[in-house]
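# Results of the structural survey
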Amino acid sequence: RNTTKFNGVSYPVQRAAEAIYSPLGIIQIQHLIDGYLENATIIREKMIKLNYHIAGGENSPYVWIKTDTDSWSFFDKLLNEAGVVVTPGSGFGSCGKGYIRISAFNSKENIEAAMEKISNVLT
């Protein structure tokens, strides 16, 4: 009986998934995507202004920053001095060494505050 009743995705989850394909759902999803890409632009512009080489963030919510140092050391610096958590690139393998990744998945206000804190530490 349990297998028959509970096997697969629950009805409320199915309805939620269906809702994103409605006309209103499509508009709401696009609004979220636009917001995250705007956040990525904020990150890109701030890091370029700080003279860092960056990649990404144009069509994705992730911005990669070349640190010219060990990614874990840079991560520690931002965590301890700015109170901002980023992702050390070395966690992605040898090609990520010397980079950090900053995610744009947050509110615009939080991204702006984090970038201000990072800027204060790196200038």
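So, how was this worked out
- Residues numbered from 1 in each chain as written.
- Predicted model: local features only at pLDDT ≥ 70, side-chain atom pairs only at ≥ 80, totals over all residues.
- Heavy atoms only, no water.
- Core = buried A, V, L, I, M, F, W, Y, C linked by side-chain atoms within 4.5 Å.
- Buried < 20%, exposed > 50% of the residue type's maximum accessible area, 1.4 Å probe, protein only.
- Helix = DSSP H or I, 4+ residues; strand = E, 2+ residues; numbered from the N terminus.
- Contact = heavy atoms within 4.5 Å.
- Axes fitted to C-alpha atoms, helices over the stretch in contact; angles between N-to-C directions.
- Parallel < 35°, antiparallel > 145°, perpendicular 65-115°, else oblique.
- Nonpolar A, V, L, I, M, F, W, Y, C, P; charged D, E, K, R; others polar.
- Polar contact = N/O pair within 3.5 Å; in protein donor to acceptor, adjacent residues only side chain to side chain.
- Phe/Tyr/Trp six-rings, centres within 6.5 Å; stacked < 30°, edge-to-face > 60°.

### Things to note about the nonpolar core
Counting 24 residues, the largest nonpolar core has Ile43, Met47, Ile65, Ile102, Met115, Ile118 and Leu122 as the members making the most contacts within it. Mapped onto this core, the elements with two or more residues apiece are helix 3 (23-49), strand 2 (62-66), helix 4 (71-82), strand 4 (99-103) and helix 5 (108-122). Among the elements that take part in this core, helix 5 stands out by supplying 6 residues, more than any other. Apart from residues no more than four positions distant in its own chain, isoleucine 102 is found in contact with Ile43, Pro61, Tyr62, Val63, Ile65, Val86, Met115 and Ile118.

### Digging into the packing of helix 4 against helix 5
The N-to-C vectors of helix 4 and helix 5 enclose an angle of 105 degrees; their axes lie 10 Å apart at closest approach. The orientation of helix 4 with respect to helix 5, classified from their angle, is roughly perpendicular. On the side of helix 4, the interface is formed by Phe74, Lys77, Leu78, Glu81 and Ala82, while helix 5 contributes Lys117, Ile118, Val121 and Leu122. When its residues are assigned to classes, the contact of helix 4 with helix 5 shows 6 nonpolar, no polar and 3 charged.

### Comments concerning the side chain of serine 71
When you line up the elements, serine 71 lands in helix 4. Only 3.0 Å separates the side chain of serine 71 from the side chain of serine 90, close enough to count as a polar contact. With sequence-adjacent residues up to four places away left out, serine 71 is seen in contact with Pro88, Gly89, Ser90, Gly96, Gly98, Tyr99 and Ile100.

### Digging into the packing of aromatic side chains
One pair of aromatic rings is described through two measures. These are the centre distance and the angle between the planes. Considering all chains together, one arrives at 5 aromatic pairs under this definition. Their ring planes at 70 degrees and their centres at 5.8 Å tell us that tyrosine 52 and phenylalanine 74 sit as a pair that is edge-to-face. Remark: phenylalanine 74 occurs in helix 4 and tyrosine 52 occurs in the loop between helix 3 and strand 1 (54-56); sequence separation between them is 22 residues. The class for phenylalanine 74 is buried, based on a relative accessible area of 5%.

Shape descriptors only; they carry no functional weight alone.
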